[in-house]
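Observations on the model geometry
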Amino acid sequence: MRKVVSSLFISLDGVTESPDKWQSAFDEEMAAEMNAVMDAQDAVLMGRVTYEEWAGYWPTSTDEPFASYINAAHKYVASTTLDRADWQNTTLLKGDLTEEIARLKSEPGGNIGVAGSPGLVRSLLEQDLLDQLRLMVSPVVAGAGRRLFGTDSPLKRLELEQSAQTTTGTMILVYRPAG
């Protein structure tokens, strides 16, 4: 059975938007974490906002190794408002999210990585559809930007599976839903 895994850069105050603006360093341990996550997955799940941002950037990007990876990977977009998704290897998920994720998880393959999409990650976690939450917590207070959790997020208990500190002080924390 495939797993749905979210891997996010996050500030101490919960901001996940535009880490390039507040993240002060990207070290070897963070690169190794990202490579390990990419090596374990063969599909990417994202929400509409991330899809629109990425579809406008990655198809012509030369930022390697991620450009080759994301362009070749099968991509699934969870959206109730998009009518089509034209980026190569992209499937638009318009049905019931629980049913769609259950179907994807039952297919053969590697992990399904959730790219960006903090709103989708919240929804997946709330609906017990997320198997693992991997956070790279930067030692910075970003102040402004989209946050992973809002003030109205329901209680959700997680268990720590793994933790590591990088040479630049970023914490890599790996959680799974409790129970």
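Before reading further, recall that the structure is shown in the block above.
The written sequence of each chain sets the order in which its residues are numbered from 1. Residue-level local features of this predicted model are given only where pLDDT is at least 70; pairs of side-chain atoms are given and counted only at 80 or more, and the full residue set underlies all totals for whole chains, interfaces and linings. In computing side-chain properties, one takes all heavy atoms of the structure into account and sets aside hydrogens as well as water.

What makes a salt bridge here is a side-chain nitrogen of Lys or Arg within 4 Å of a carboxyl oxygen of Asp or Glu, nothing more. Using the criterion set out here, one finds 13 salt bridges in the structure. For D86, the salt bridge is made with R84, and the minimal N-O distance between the two is 2.7 Å. R84 shares its class with D86; the two are exposed. Two residues, E159 and R176, come together in a salt bridge whose shortest N-O distance is 3.0 Å. Here E159, found in strand 7 (residues 158-165), pairs with R176, found in strand 8 (residues 171-177); they are 17 residues apart in sequence, far enough to count as distant. Each of the salt bridges in this network shares a partner with another, and the network as a whole consists of R2, D42, E100, R103 and E107. Throughout this description, buried means an accessible area under 20% of the type-specific maximum (1.4 Å probe, protein chains only), exposed means over 50%, and partly exposed covers the range between. The helix and strand labels rest on DSSP assignments: H or I over at least four residues marks a helix, E over at least two residues marks a strand, and numbering proceeds from the N terminus.

Take the sheet that holds strand 4 (residues 90-93) next. Two strands pair if DSSP finds at least two bridges between them. In spatial order, the strands read 4-3-2-5-1-6-8-7; together these 8 strands make up an open sheet with mixed pairing. Where the open sheet ends on each side, the last strands, each with one partner, are strand 4 and strand 7. Neighbour to neighbour, the strand axes of the sheet diverge by 25° on average, direction disregarded. By the bridge criterion, 7 bridges tie strand 1 (residues 4-11) to strand 6 (residues 132-138) in an arrangement that is parallel. When the sheet's bridge partners are listed, I10 is paired in strand 6 with V137. Contacting strand 1, strand 2 (41-47), strand 3 (74-78), strand 4 and strand 5 (111-114), helix 5 (residues 97-106) runs over the sheet at an angle of about 145° to strand 4. Here an axis means a line fitted to C-alpha atoms, over the contact stretch when the element is a helix, while the angle between two N-to-C directions is reported on a 0 to 180 degree scale. Here, two residues are considered to be in contact whenever any of their heavy atoms come within 4.5 Å of each other.

Here we take up the environment of Q41. Following the sequence through the fold, Q41 ends up in strand 2. As a C-alpha pair, Q41 and V5 span 36 residues in sequence and 8.6 Å in three-dimensional space. The contact partners of Q41, leaving out residues within four places of it in the chain, are Y69, G110, N111, I112 and G113. A polar side-chain atom of Q41 sits 2.9 Å from a polar atom in the side chain of Y69. Between N or O atoms, a polar contact is any pair within 3.5 Å; within protein, one atom must be a potential hydrogen donor and the other a potential acceptor, and residues adjacent in sequence are included only when both atoms are from side chains.

Our focus in this paragraph is the packing of aromatic side chains. Centre distance within 6.5 Å is the pairing criterion for rings of Phe, Tyr and Trp, where only the six-membered ring of Trp is used; planes under 30 degrees apart are then read as stacked, over 60 as edge-to-face, and the remainder as tilted. One pass over the full model with this rule turns up 7 aromatic pairs. Seen from their ring centres, Y51 and W87 are 6.2 Å apart, and the 45° between their planes marks the pair as tilted. Taken as a pair, Y51 in helix 3 (residues 48-55) and W87 in the loop between strand 3 and strand 4 lie far apart in primary sequence, 36 residues in all. In this structure, Y51 and W87 share a single accessibility class: buried. For the pair Y57 and W58, a centre-to-centre distance of 4.9 Å together with 85° between the ring planes defines the contact as edge-to-face. W58 gets classed as buried once you look at its relative accessible area, which sits at 12%. The rings of W54, Y57, W58, F66 and Y69 are connected pair by pair, giving a single aromatic cluster. Charge-over-ring contacts are defined here by two conditions on Lys NZ or Arg CZ: a distance within 6 Å of the ring centre and an angle within 35 degrees of the ring normal. Across from the ring centre of W87, 4.6 Å away, lies the NZ or CZ of K75, which sits over that ring.

On the secondary structure map, S138 appears in strand 6. The exposure class of S138 is buried, given its relative accessible area of 3%. Among all residues touching S138, those that are not within four sequence positions of it are I10, S11, L12, W22, Q23 and T170.

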